[in-house]
Amino acid sequence: MDALPGQGPSKASHEDIRRYLQAAVEHLDHVLPGQAPILNFVHHNTLHGYQHLPFAQALEAAEKLTGIHGYLPEEESRRLYALGRIDGQDLDVALACKFGGHDGEPIRLGTRTVGRREVSRVALLFGVDSIEPNRFNWQVEEMDALRRFQPDLPQDRRAALLRGADSEAEAVQALWNACLEVFGLAHYRLHPEELVDIPMREAGTILAQFDTEADNPLVCPVNPGVHQSVQAESQVELAALLAALGKRLTLRGMLAALTGVDVLEQIRPLLIRFCASQLDEGLAAWRAPDRADGLYAAWKRCAAGDIALGHGDQAGWRAALADLPEQSVDAVIAILRHLEIPQNRWKDYLERLALELPGWSGLINWRARHPEYAANRQVPVSLMDYLAIRLFLDRLWIERLCRETWGLPGKLSALKAYFERNPSELLARTALFAGELPEYLAGTARKLIGLSSSERSQPEHWRALAEMIWAWKRSPAAEKSAAHTVYRSAWRLFRLGQHLGLDAADLRGLALEEAERLLRLLDELNPCEKGQIWLQAYEHHYREQLFAALAQNHGRGRWARREARPQAQVIFCMDDREESLRRHLEELNPAIETLGAAGFFGVAMNWRGLDDAGVTPLCPVVVTPAHEIREQPRHGQESLHERHDRRRRWKARLERVLHQEVRRNLATSSLLIGLLAPGALPILAAKLFFPRHWDALKRKAAKALVPLVPTRLAFSAAADSQPATPARPRLGFTDAEQADRVESFLRNIGLTSGFAPLVVVAGHGSTSQNNPHRAAYDCGACSGRHGGPNARAFAAMANRPAVRALVAERGIAIPADTWFLGTEHNTCDETITWFDLDDLPAAFCPALETLRAELRQAVALSAQERCRRFASAPRQPSPRQALRHVLGRAADFSQARPELGHATNAAALIGRRSATRGAFFDRRLFLISYDPTQDPEGKILEGILLAAGPVGAGINLEYYFSTVNNERYGCGSKVPHNVAGLFGVMEGAGSDLRTGLPRQMIEIHEAMRLQLVCEAREEVLADIYRRQQILRELIGNGWLLLSALHPDTGALSYFEPGRGFVPWTGGQAKLPMAQRSADWYAGHSAALPPALLRCPDHALEADSHAA
Amino acid sequence: MLLEGLALTPLPPLLAAACIGGGVLAGRIRGEAGEHISSRLALGAAGLALVQILALLVIKWLATLNSPLRLGTWLRSGGYHIDIEFSLDILSLPLAALFALLALMVLRFSVNYMHREAGFHRFFMVLSLFLGAMLLLTTAGNAALCFVGWELAGLSSYLLIAYHYDRPVAAANATRAFVTNRVGDAGFMLGLVLAFLWTGGIAWADINGASTRLQEWQAGVLACCFLLAATAKSALVPLAPWLARAMEGPTPSSAIFYGVGVIQAGVYLVLRLESLFTQAPAAMALMAGLGLATALYGFFCGLAQTDVKSALLFATTGQVGLMFFAAGLGFWQWAFWHLCAHAVLRGYQFLCAPALMHAVAGHPPRPVHPWLGRRRLLYMAALQRFWLEDLGDWLVVKPTQRLAADLNAFDRQIVEPAFGLPAPALALPGTAARPPSGDPEVLRVSGLAGLALRALANALHWFEEKLVLQGNGQNLAGLGRRLGARLNHIENLLNQPRFLVVFILATLLAVF
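Bear in mind that the values here come from a model prediction, so they are computed numbers and not experimental data.

Regarding its fold elements, chain B presents 23 helices and two strands. Within chain B, buried positions represent 51% of all 512 residues. Counting contacts in chain B only where the partners sit at least 6 residues apart, residues at least 24 apart contribute 76% of the total. For chain B, the exposed surface amounts to about 23,100 Å²; the carbon and sulfur share of it is 68%.

What follows is the structure in structure tokens.
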């Protein structure tokens, strides 16, 4: 690595290095968060870069790289076990799944044998861990652990253990003695002082043991045995530190381990301020002068003026800055060389560097990968630029730190050589800053570092300290030695024995090897495997409930075949939040049929609303629309529109003054503040104390001020228009294209006959007041926007006679007395907006009035159902009260939880509504309509799976990861969040960007993978699985759990990768039956298991059973 | 009696804080179930305080209200006494009412916003404490009582910046803010002492009315002392950087502290001392200068800020700077009205900060003038906040730390052994530090006298050994060289600024 290829033999080699680095940076996409700027938040799999691996392996790999555990903490799983959300049977199934039939060679213990499964079960449930000496003392002295059973011992075990003994104290004491006997240990308890300070005598003894190793004490008066051991250990430590460079540490991390000083703390503000100024999308008035040239170039030109880089050493940094090459990749090469990072580690080193601020790296990576993103057109960014700046700052600060501490240049070789010569210092420093030293040693070490930061000046003191630390590591207080100890072996056996129900007699006969095997069995599962078992048990519990409900509901639901014409059909988004609304609507009027589909309703479009300056894509993120749809004023409304526009512009100007000018300016702002404050005070009071009324008033005022214009959609194009492509989108769809959309959508959801007079298409969106993560509550199928325009466009297309004629030619006859209507359901405040009612023929008005009245009732009931999960909602509210509460909640700008989003999602059902209709699923199901009887080959199902699979998995997995580790995979509490540059949230004014979901969104989420149940025959599913790579990845790797519901028999089977479909046998217990949903959930605030509803469908039950 | 009761406006919030604190300690208020107790206590207390102030305002309007209202004596020593008195005049009452109202609103906001936060009760306790402090600060009738409120406000602001004390950044920033504020305290305390010495009392009336007794330079010095206090509290240049670090707390606390409360306290102090300042033209000029510098600092930095909280914060700094500027020019009334208006609007803006992005998306702010837009150096200066913090570090913090380290070393190596204190620091039983065998230490002494005796014995021994017995005196030259090197070293040390400063200070102390 010392040869510089760039100046060396050939220019090509330098090119190779550049390509290699570029590829390395390219590859970072797999490990960095893939979250878009927060205004465009769309749910995605947090570990998207690992999706090619099986779930368990992926989580293990991610943990290895980032240190983030991807499963619920064990205590949380145990809490769920205690709550009954996981039961013993689930755990048994998961353990059986892990170990298969192999229970290992059983260990004979007295009268019984114990296998690995039993031991692992104890380890999972009770966590039989070694204990620290001081906690052991506490257990013995305060908890009376040697005279009483462990407090977490189940009652039956307790009783069994007591059977053979006179008293509890005696039984426990005997057990403890047996444990000590097995390992040949004497019981002793360290005096509390010995725990914090190994006495001089003891240290002397430990050191003296090694005195004897000295060959010739006369030659070397001080202790050569110990000294050599210290040196050897130090060498190992140094080697480990150097080996970790790039793999686990950057130079910054290495120096933090050696000096306790984290240079990133000082670098971060400089780095973040500049990057944020480059990425900003509309907060700062003043931005870097050369921003159009890219991050690195702009920074390089500005940095010359940043005296914060100097810090006294002016000459050095200016020269270093001047030496930087033009291209960021060359700068990276130059600095990596300067720091002397071995070339074969560069890739890892850059990865490590990027992961030190994953939020910023991730956003920059996202911007770099979306060149078409609007902000990128003005200010391009690249990840290499960012890394170059980071490396340069690192270089300056590392140099300074090394000079100040040791007088060394900030280069790897210098550090290495120094610590080879000063082994005691290395040992003392690493031990101190790893935080493992007891207080008396840590204090001494700190004092020594304060007095002489280098071993060069007071070698004998450093040596003495290193030897002390070395001795401490071998004392019982450190619990580092290899032999059996009371705390590690006897205590664990003691606890394990109790939980296995073993008494002293059982243990006494145990050979040492057997006991060791027993303890090894306890450690057999690593944390990831334990997490996986808990997860499987958790999922198993829910799956059993879900399957039982589906099995017992088979044949009960209406509209499996539309023999009669439904009174109305309402097509909702597949969203889990719509499940309650659909259920309540059906309960209210069984003659209504509800359906579900991805909320863009097959119309992928660029949307331009009446007041919009540009277009917004409304479709899943993976699609780029080729068509534009515009909202236009209706004929004859031109003058109104003009007034609307004038007033709106006026309002926009006012808002600009309010939001931007009032903080941007100095003198004029102070006048503005004086003008605005008298108004602001009562408004603030109204917003806080009467949010609902204020919101209503505000709406009214807005309406009066800016009059609403009746609008229509411009969505048609002439048949001979030029073809529409994503690169050159066209305004409107041709008739044929419209017919395509309508036909394929209707076929997808299986609505090809039996059209009701009114078919309502309901998109959805969410409104909330003070919520940076607002887009996360909106429709995922519309790129995190409101889906109303899609519903409206679809309805308008389906109403056109020309389109209907074309569709009829293709075999779907939409009767003339059927009318489509577009609406939008607000999932936060439960309001429903209707579109294009002006076009509705008068004949449909009575039907519409009925339906609207029913929907009004249904949303109130749905609000009531939602309220049971809100802590601040009234307990057991009436539907009216509940509706008022959610309205107020949505309008309240102090509310950090306006709604709970997808927090309850757990499963998805692709199939007819009849499979789920009549059962309560607690808003946990994505419901996607699909009729297997119309799709014998599975072509339609294939399309649905391809669209809904990744979307459902994205939502579910984002919730999963944000829940299991909210601090690292999620973005923590909303409370300290601070919006940066309109693209993300930071904590305070200079932290990493936080990605993932905030804690307020996941509090009630049950972290498990999505159960994807398809109403289809296994063969059909297996064929699709074989054909589609993306499904093989998601399902085969266990990111989604697939199962099949037989369309005719209702038999269930679940897919196991490698085994195929396994028939489900379970659910013997009868599901509870409730009259209506409200009866089942009333008074409950926690998650509820499914129940069957004796809803008015019951009249049909007999018919369908007969059929 | 009724009036006295009414005048005790800080009491309800302080009691609420004590109740919440006590309830949490006693385990009565705990977790989610106890949230409504904490929030009701805090809201009720704030409401009560507001009612009290409004009642006082009504009384003042309808009848006459003695100001200051004396309730008793706090301390008395010789001719000096500190009373418990409240000034209920047209400056303090409206401000107190405003603070109470805004605090009430922020508390209401926090009930939902802070729901299920681990520090919910702590938050409400500190917010109540803060409100009590602000009311005490504004209604105190003398500088000492005001100082108590001043300190309590500083303390509560420290506690809320460090609300997430598990995050090292938050804790460090809180400490930084706290320490910066102590600079202002020094000014306040000095002001108190000088006021006692020169005017004989510390009631506002004494300080303000002492103009006749004070010479201009005395008034100037006194005013400057209080100006220093205001500079730290209101984060004026050069003590501005702490404010930018204070954004670590939850959104509502940012609103109440930096939009509404603490930052305006400095303005209140100079408004309160209007008459004193009018007698000290130099102090007025200084105030105007600081105000202008701060306004420009806030303006330029604000233009370059890319996160919502910082952008609002620098806008605040700019406006507060303007208030000082106006006061410095003698527009006291304007400064007062601006203070009130600004508190309201900025509080509102901070509370709405999370939603600002949705309001401004697609409507970027007006860009700066192209001429300014091209200045790279100026841009970097604005982005890095004119390096005020680095300068502070470089000029004050680092030298102080080094000096402390030096003194510490001096303590350990010279003072402690000299006084025979146990020296546990590096006495390690490691083999390397063991005394070499064969040279047992016969004489064990401790304490100064013992050491002196031993040193004498050793010196005589050495003298005998080296000079008398060996007699050739060769070592003498080497000794001289070593001594010379040591002296050189000391001289070098003295050349370093920090020692020079200490040296000068020591000299000054000796002279006075």
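Back to the text.
Right, let's get into the interface of chain B and chain A. Often the size quoted for an interface is simply the accessible area lost on bringing the parts together. Contacts between the two partners involve 94 residues from chain B, matched on the other side by 96 residues from chain A. Connecting chain B to chain A are five salt bridges. The salt bridge partner of Glu 661 of chain A is Arg 366 of chain B, with a shortest N-O separation of 2.9 Å. Taken together, the links from chain B to chain A amount to 32 residue pairs in polar contact (both at pLDDT 80 or more). Elements with a contribution of two residues or more to the side of chain B that touches chain A: helix H4 (92–113), helix H14 (281–304), helix H15 (308–329), helix H16 (332–351), helix H17 (356–360), helix H18 (370–373), helix H19 (376–383) and helix H20 (388–418) of chain B. The greatest single-element share of the side of chain B that touches chain A, amounting to ten residues, is contributed by H16 of chain B.

Once that is clear, we can look at the nonpolar core. Judged by nonpolar contacts, the single largest core of 425 residues is most densely connected at Trp 360, Tyr 386, Ile 629, Phe 794 and Phe 961 of chain A together with Phe 188 and Phe 277 of chain B. When near neighbours in sequence (up to four residues on either side) are disregarded, Tyr 386 of chain A contacts Leu 271, Cys 275, Leu 295, Leu 357, Trp 360, Ser 361 and Ile 364 of chain A. Membership of the second largest hydrophobic core comes to 19 residues, among which are Ala 568, Leu 585, Leu 840 and Phe 844 of chain A.

It is worth spelling out the pairing of strand E1 (residues 69–77) of chain B at this point. All names here are of chain B. Pairing analysis gives seven bridges linking E1 to strand E2 (residues 80–86), with the strands arranged antiparallel. Of the residues in E2, the one forming a bridge with Gly 72 is Ile 84. As consecutive antiparallel partners, E1 and E2 are separated by two residues, and within that stretch Gly 78 has a phi angle of approximately 60 degrees, a positive value.

Our focus in this paragraph is the pattern of salt bridges. Residues and elements named next belong to chain A. Taken as a whole and judged by the stated rule, the model has 86 salt bridges over all chains. One salt bridge in this structure joins Lys 98 and Glu 529, with 3.0 Å as the shortest N-O distance. A residue pair is termed long-range when its members are at least 10 positions apart, and Lys 98 in helix H4 (residues 88–99) and Glu 529 in helix H28 (residues 527–553) qualify at 431 residues. Given the relative accessible area of 36%, Lys 98 is considered partly exposed. A single network of salt bridges, built from pairs that share partners, joins Glu 631, Arg 634, Arg 792, Asp 836, Asp 838 and Asp 839.

So, on to the packing of aromatic side chains. Under the counting rule described, the total for this entry stands at 49 aromatic pairs over all chains. Judged by centre distance (5.8 Å) and plane angle (35 degrees), the rings of Phe 136 of chain A and Trp 176 of chain A are tilted. Here Phe 136 of chain A is found in helix H6 (residues 133–141), whereas its partner Trp 176 of chain A is found in helix H8 (residues 168–183), with 40 residues between them in sequence. Neither Phe 136 of chain A nor Trp 176 of chain A differs from the other in exposure class; each is buried. Ring pairing ties together the aromatic residues Phe 55, Tyr 71, Tyr 960, Phe 961, Tyr 969 and Trp 1039 of chain A, which thus form one cluster. Taking NZ or CZ as reference, Arg 1009 of chain A lies 4.5 Å from the ring centre of Phe 55 of chain A, over its face. Seen from the ring of Phe 178 of chain B, Arg 182 of chain B lies directly overhead, with NZ or CZ sitting 4.2 Å from the centre.

All names here are of chain A. Here strand E3 (residues 568–573) lies mainly inside the structure; six of its six residues are buried. Once you follow E3 into helix H29 (residues 579–588) and on to strand E4 (residues 592–597), the crossover reads as right-handed. Across four bridges, E3 lies against strand E10 (residues 758–765) in parallel orientation. Bridging across to E10, Gln 569 finds its partner in Val 759.

With that settled, the discussion passes to empty space enclosed by the protein. All names here are of chain A. Taken as a whole and assessed by the stated rule, the structure comprises 17 cavities of 30 Å³ or more. Around the largest cavity, the lining residues are Arg 866, Arg 869, Phe 870, Leu 900, Gly 901, Ala 903, Thr 904, Arg 923 and Ile 1004. In the lining of the largest cavity, the residues fall into four nonpolar, two polar and three charged.

On to the environment of Gly 609 of chain A, then. Following the sequence through the fold, Gly 609 of chain A ends up in the loop between strand E5 (605–608) and strand E6 (616–618). Put simply, Gly 609 of chain A and His 48 of chain A are 561 residues apart on the chain and 33 Å apart in space, counted from C-alpha to C-alpha.

All right, on to helix H41 (residues 1029–1036) of chain A then. Every α-helix carries 3.6 residues per turn, so stepping three or four residues along brings you back to the same face. All names here are of chain A. Burial in H41 covers these residues: Leu 1031, Glu 1033, Leu 1034, Ile 1035 and Gly 1036. Buried residues belonging to H41 abut helix H38 (939–964), helix H40 (1018–1027), strand E19 (1040–1045) and strand E20 (1052–1056). Immediately beyond the C-terminal end of H41, within one or two residues, lies Gly 1038, with a positive phi of roughly 75 degrees.

Residues and elements named next belong to chain B. Here chain B shows a mean pLDDT of 86. Residues at 70 or above account for 89%. Element-level mean pLDDT values for chain B span from 70 in helix H23 (residues 497–511) up to 96 in H14. Across residues 423–427, where pLDDT falls below 50, the model places seven contacts with residues more than four positions away in sequence or in other chains. Taken together, the stretch residues 431–442 has pLDDT below 50 and engages in 15 contacts with residues farther than four places along the chain or on a different chain. Model confidence for the complex is summarised by a pTM of 0.91, with the ipTM given as 0.92.

Residue and element names in this part refer to chain A. Spatial ordering of the open sheet is given by E4-E3-E10-E11-E12, a layout of five strands whose pairing is mixed. Lying at the two open borders of the sheet, with one neighbouring strand each, are E4 and strand E12 (832–834). Taken over all neighbouring pairs, the strand axes of this sheet differ in orientation by 25 degrees on average, direction set aside. With respect to the sheet, H29 is in contact with E3, E4 and strand E11 (819–826), its orientation differing from that of E4 by roughly 165 degrees.

Right, let's talk about the side chain of Arg 492 of chain A for a bit. Residues and elements named next belong to chain A. Here Arg 492 shows up in helix H25 (residues 486–500). A polar contact is formed between the side chain of Arg 492 and the side chain of Asp 523, at a distance of 2.8 Å. Setting aside residues up to four positions removed in sequence, Arg 492 forms contacts with Val 128, Asp 129, Ser 130, Leu 519, Leu 522 and Asp 523.

For Gln 498 of chain A, the position within the fold is in helix H25. Those residues in contact with Gln 498 of chain A that lie beyond four places of it in its chain are Phe 149, Gln 150, Leu 153, Arg 157, Leu 161, Val 172 and Leu 175 of chain A.

Residues and elements named next belong to chain A. At a minimum axis distance of 11 Å, the contact between helix H23 (residues 439–451) and helix H24 (residues 459–473) shows a crossing angle of 160 degrees. As summarised for this structure, H23 and H24 are arranged roughly antiparallel, according to the angle between their axes. Here H23 runs over H24; the crossing is left-handed. Of the residues in H24, those touching H23 at Tyr 440, Leu 441, Thr 444, Ala 445, Leu 448 and Ile 449 are His 461, Trp 462, Leu 465, Met 468, Ile 469 and Trp 472.

On to the sheet that holds strand E15 (residues 925–929) of chain A, then. Residue and element names in this part refer to chain A. Read across the sheet, six strands follow the order E15-E13-E18-E19-E20-E21 without closing on themselves; strand pairing throughout is mixed. Only two strands of the sheet have a single partner each, and these edge strands are E15 and strand E21 (1060–1063). Here the average twist between neighbouring strands, direction ignored, is 25 degrees. Relative to E20, E19 is paired through three bridges, and the arrangement is antiparallel. The residue bridging Ala 1044 from the neighbouring strand is Ser 1053, located in E20.

Now for helix H7 (residues 168–199) of chain B. Helix length check: H7 of chain B (32 residues) gives 46 Å between terminal C-alpha atoms against 46 Å at 1.5 Å per residue, within 8%. At the C-terminal side of H7 of chain B, Gly 200 of chain B shows a positive phi close to 80 degrees.

Before going further, it helps to spend a moment on unusual backbone geometry. Note that the residue after Val 237 of chain B, namely Pro 238 of chain B, is joined by a cis bond; omega there is 5 degrees. Along the polypeptide, Pro 238 of chain B turns up in the loop between helix H9 (216–233) and helix H10 (241–245). For Glu 340 of chain A, which is not a glycine, the phi torsion comes out positive at approximately 65 degrees. Structurally, the position occupied by Glu 340 of chain A is in the loop between helix H16 (328–339) and helix H17 (346–356). The phi torsion at Arg 923 of chain A lies on the positive side, around 55 degrees, for a residue other than glycine. Tracing the backbone shows Arg 923 of chain A in the loop between strand E14 (919–920) and E15. Residue classification places Arg 923 of chain A among the buried residues on the basis of a relative accessible area of 10%.

Another point: the environment of Cys 528 of chain A. Residues and elements named next belong to chain A. When you line up the elements, Cys 528 lands in helix H28. Owing to a relative accessible area of 8%, Cys 528 belongs among the buried residues under this scheme. Between the C-alpha atom of Cys 528 and that of Val 759, which follows or precedes it by 231 residues, the distance is 49 Å. Leaving out residues up to four positions away in the same chain, Cys 528 has contacts with Glu 60, Glu 63, His 69 and Tyr 71.

About the cut-offs
All residue numbers refer to positions counted from 1 along the written sequence of the respective chain. Starting at A for chains and at 1 for ligands, labels are handed out in the order in which the entities are written. Totals for whole chains, interfaces and linings use every residue, but because this is a predicted model, local features are given only for residues with pLDDT of at least 70 and side-chain atom pairs only at 80 or more, for both listing and counting. Hydrogens are left out, water is left out, and the side-chain values use all remaining heavy atoms of the structure. Strands here are runs of E lasting at least two residues and helices are runs of H or I lasting at least four, both read from the DSSP assignment and numbered beginning at the N terminus. Burial classes: relative accessible area under 20% of the type maximum marks a residue as buried, over 50% as exposed, and values in between as partly exposed (1.4 Å probe, protein chains only). Two residues form a contact once any of their heavy atoms are found within 4.5 Å. To measure how exposed things are, a 1.4 Å probe is used in the Shrake-Rupley method; for residues, cover is taken only from the protein chains shown. Any Lys or Arg side-chain nitrogen located within 4 Å of an Asp or Glu carboxyl oxygen qualifies as a salt bridge. By the criterion applied in these results, polar contacts are pairs of N or O atoms within 3.5 Å in which, for protein atoms, one can donate a hydrogen and the other can accept it, and in which residues neighboring in sequence qualify only through two side-chain atoms. Residues enter a nonpolar core if they are buried and are Ala, Val, Leu, Ile, Met, Phe, Trp, Tyr or Cys, with the set joined through side-chain atoms within 4.5 Å. Here, any two strands with at least 2 DSSP bridges between them count as paired. Stacked, tilted and edge-to-face pairs are distinguished by plane angle, under 30 degrees for stacked and over 60 for edge-to-face with tilted covering the rest, among Phe, Tyr and Trp rings (Trp via its six-membered ring) whose centres lie within 6.5 Å. Both a distance and an angle decide whether a charge sits over a ring: NZ of Lys or CZ of Arg must be within 6 Å of the ring centre and within 35 degrees of the ring normal. Handedness of a crossover is defined as follows: with both strands directed away from the viewer, a clockwise route from the first strand across the helix to the second makes it right-handed. The definitions used throughout rest on a 1 Å grid laid over the protein atoms alone, on which a cavity is an enclosed set of points accommodating a 1.4 Å probe that cannot get out and a pocket is an open set flanked by protein within 12 Å on both sides along at least five of seven lines; lining residues are those having an atom within 4 Å of a point. Grid points are joined across faces, edges and corners, and a volume is the space filled by probe spheres set on the points. Residue type decides the class: Asp, Glu, Lys and Arg count as charged, Ala, Val, Leu, Ile, Met, Phe, Trp, Tyr, Cys and Pro as nonpolar, and the leftover types, Gly among them, as polar. Values of pLDDT, ranging from 0 to 100, describe the predictor's confidence in every residue of the model. Axes, fitted as lines to C-alpha atoms, cover a helix only where it is in contact. Angles between the N-to-C directions of the axes lie from 0 to 180 degrees. Should an angle fall under 35 degrees it is taken as roughly parallel, and over 145 as roughly antiparallel, whereas 65 to 115 is taken as roughly perpendicular and any remaining angle as oblique. In a left-handed crossing the near helix is turned counterclockwise from the far helix by less than a right angle, and in a right-handed crossing that turn is clockwise. Multiplying 1.5 Å by the residue count of a helix minus one yields the expected span of that helix.

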